[in-house]
Amino acid sequence: MALKGQVALVTGGGAGIGEKTAKVLAEDGASVMVGDWNEQSAMATADAINKAGGKAAAIKIDTSKREDAERAVAETVAKLGRIDILINNAGITRDASALKMEPHQWDQVIAVNLSGVFYFAQAAAKRMRDQNYGRIVSASSISAFGNFGQANYSATKAGLVGMTRTLAIEWSKYGITVNAIAPGFIQTAMTAAIPDELKKGAAQRIPVGRLGDPVDIARVYCFLAQKESSFITGQLIVVDGGQTLLH
């Protein structure tokens with residue numbers, strides 16, 4: 001119960017890594033506001049937490065909109081009393097090779113994965129500053145180092161690293177730490193369509209010999225969200241089973 005008495009807002013909390021993170025935060029004692037564009041999925045996650053004995057609420061959000069960031073933070077405070085932790089987990093892909101990428105594919109990914117992260121961090125930090133405490137953890141990716149067909153996605157995940165370091169510098173005086181996680185190949189709904197043979201081949205190229213599970217990422221989110229992680233800020237934590245060690 002390392003997070004007992006803390007309140008967290010999780011974006012993209014309706015499925016995959018975000019869903020598991022919301023549940024693990026609750027297991028560790030935090031009250032959780034589950035944000036997702038899919039309201040039914042957000043409510044399902046919150047209901048599961050409440051039925052398990054935790055405390056959670058749900059909110060429909062579009063992370064590309066600044067007003068939704070402000071509203072989500074305000075509602076978190078109104079319903080759960082405060083905001084101590086922001087997990088910027090929401091993200092999308094619109095893959096295409098660079099010469100074939102359409103303007104809307106570029107714009108949508110930038111809006112959600114980069115602008116949205118800033119909007120939510122800024123809105124949360126305003127509250128955290130007043131209480132002289134906060135933990136912000138955002139989802140980057142090993143695709144930040146480059147990946148075919150993902151110029152848009154890679155740009156956002158690399159840009160997020162620079163943003164994280166800058167916000168850490170600016171907000172440390174307010175007791176706010178800002179970090180990012182770079183997941184590797186994690187088995188979620190986003191990767192479900194990948195043929196099993198390709199997944200098997202990918203697992204063989206990972207030193208630990210398996211693909212990642214959402215709980216692998218959730219646990220790192222929760223570690224960085226703890227008060228005891230106060231000396232870690234501005235960092236990118238790669239959680240990929242050693243995959244990038246071979247590149």
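Quick caveat, the model's predicted, so the values are computed rather than measured.

Cut-off values and rules
- Residues numbered from 1 in each chain as written.
- Predicted model: local features only at pLDDT ≥ 70, side-chain atom pairs only at ≥ 80, totals over all residues.
- Heavy atoms only, no water.
- Buried < 20%, exposed > 50% of the residue type's maximum accessible area, 1.4 Å probe, protein only.
- Helix = DSSP H or I, 4+ residues; strand = E, 2+ residues; numbered from the N terminus.
- Pairing = 2+ DSSP bridges.
- Right-handed = clockwise from strand over helix to strand, strands pointing away.
- Expected span 1.5 Å × (residues − 1).
- Axes fitted to C-alpha atoms, helices over the stretch in contact; angles between N-to-C directions.
- Contact = heavy atoms within 4.5 Å.
- Salt bridge = Lys/Arg side-chain N within 4 Å of Asp/Glu carboxyl O.
- Parallel < 35°, antiparallel > 145°, perpendicular 65-115°, else oblique.
- Left-handed = near helix turned anticlockwise from the far one by under 90°.
- Nonpolar A, V, L, I, M, F, W, Y, C, P; charged D, E, K, R; others polar.

Draft legend 1. How the structure looks around the pairing of strand β2 (residues 31-36). The buried fraction of β2 amounts to six of the six residues, a majority that puts the element mostly inside the structure. The side-chain alternation of β2 yields two buried faces, one formed by Ser31, Met33 and Gly35 and the other by Val32, Val34 and Asp36. Relative to β2, strand β1 (residues 7-11) runs parallel, the two sharing five bridges. Note on β2: the bridge partner recorded for alanine 8 is valine 32. As for the winding sense of the linkage, the β-α-β connection from β1 through helix α1 (residues 16-27) to β2 is right-handed. In this region the chain leaves β2, passes through helix α2 (residues 39-51) and returns to the parallel neighbour strand β3 (residues 56-60); the handedness of that crossover is right-handed.

Draft legend 2. Molecular detail of helix α7 (residues 214-225). The end-to-end C-alpha separation of α7 is 17 Å, in line with the 16 Å expected for twelve residues at 1.5 Å each. Those residues of α7 lying buried are Pro214, Ile217, Ala218, Val220, Tyr221, Cys222, Leu224 and Ala225.

Draft legend 3. Layout of the sheet that holds β1. Read across the open sheet, the seven strands follow the order β3-β2-β1-β4-β5-β6-β7; overall the sheet is parallel. With partners counted over all chains shown, the strands left at the sheet margins are β3 and β7 (236-239), one partner each. In this sheet, neighbouring strand axes are inclined to one another by 20° on average, regardless of whether the strands run parallel or antiparallel. Pairing analysis gives four bridges linking strand β4 (residues 85-88) to strand β5 (residues 134-139), with the strands arranged parallel. Of the residues in β5, the one forming a bridge with isoleucine 87 is valine 137. Docked against the sheet, α2 engages β2 and β3, running at close to 175° with respect to β3. Taken strand by strand, helix α4 (residues 103-131) contacts β1, β4, β5 and β6 (176-183), and its axis lies near 175° from that of β4.

Draft legend 4. Highlighting the pattern of salt bridges. Under the defined criterion, the tally for this structure stands at eight salt bridges. Taking the shortest distance from any N to any O, the salt bridge between glutamate 75 and lysine 79 comes out at 3.0 Å. Highlighted residues: glutamate 75 and lysine 79, both in helix α3 (residues 66-80), separated by four residues, approximately one helical turn. On the basis of relative accessibility, which here comes to 45%, the residue lysine 79 falls in the partly exposed class. Of the charged contacts in the structure, one is a salt bridge between aspartate 84 and arginine 82, with a shortest N-O distance of 2.8 Å. The exposure class of aspartate 84 is buried, given its relative accessible area of 0%.

Draft legend 5. Representation of the packing of α4 against helix α5 (residues 151-171) in the model. Packing of α4 against α5 leaves a shortest axis separation of 9 Å and a crossing angle of 15°. In terms of their interaxial angle, α4 and α5 are classed as roughly parallel. You can see that α4 and α5 cross each other, and the crossing is right-handed. When α4 is examined against α5, the residues Gln105, Trp106, Val109, Ile110, Asn113, Leu114, Val117, Phe118, Ala121, Gln122 and Ala125 are found in contact with a partner set consisting of Ala151, Asn152, Tyr153, Ala155, Thr156, Lys157, Gly159, Leu160, Met163, Leu167 and Trp171. Across the contact of α4 with α5, the residue classes tally to 15 nonpolar, six polar and one charged.

Draft legend 6. Focus on the environment of glycine 234. With respect to the secondary-structure elements, glycine 234 resides in the loop between α7 and β7. Relative accessible area serves as the criterion here: at 8%, glycine 234 is assigned to the buried category. C-alpha separation for the pair glycine 234 and threonine 166, spaced 68 residues apart in sequence, amounts to 7.4 Å. Glycine 234 has contacts with Thr164, Arg165, Ala168, Val178 and Asn179, leaving out every residue within four places of it along the chain.

Structural measurements only, silent on function.
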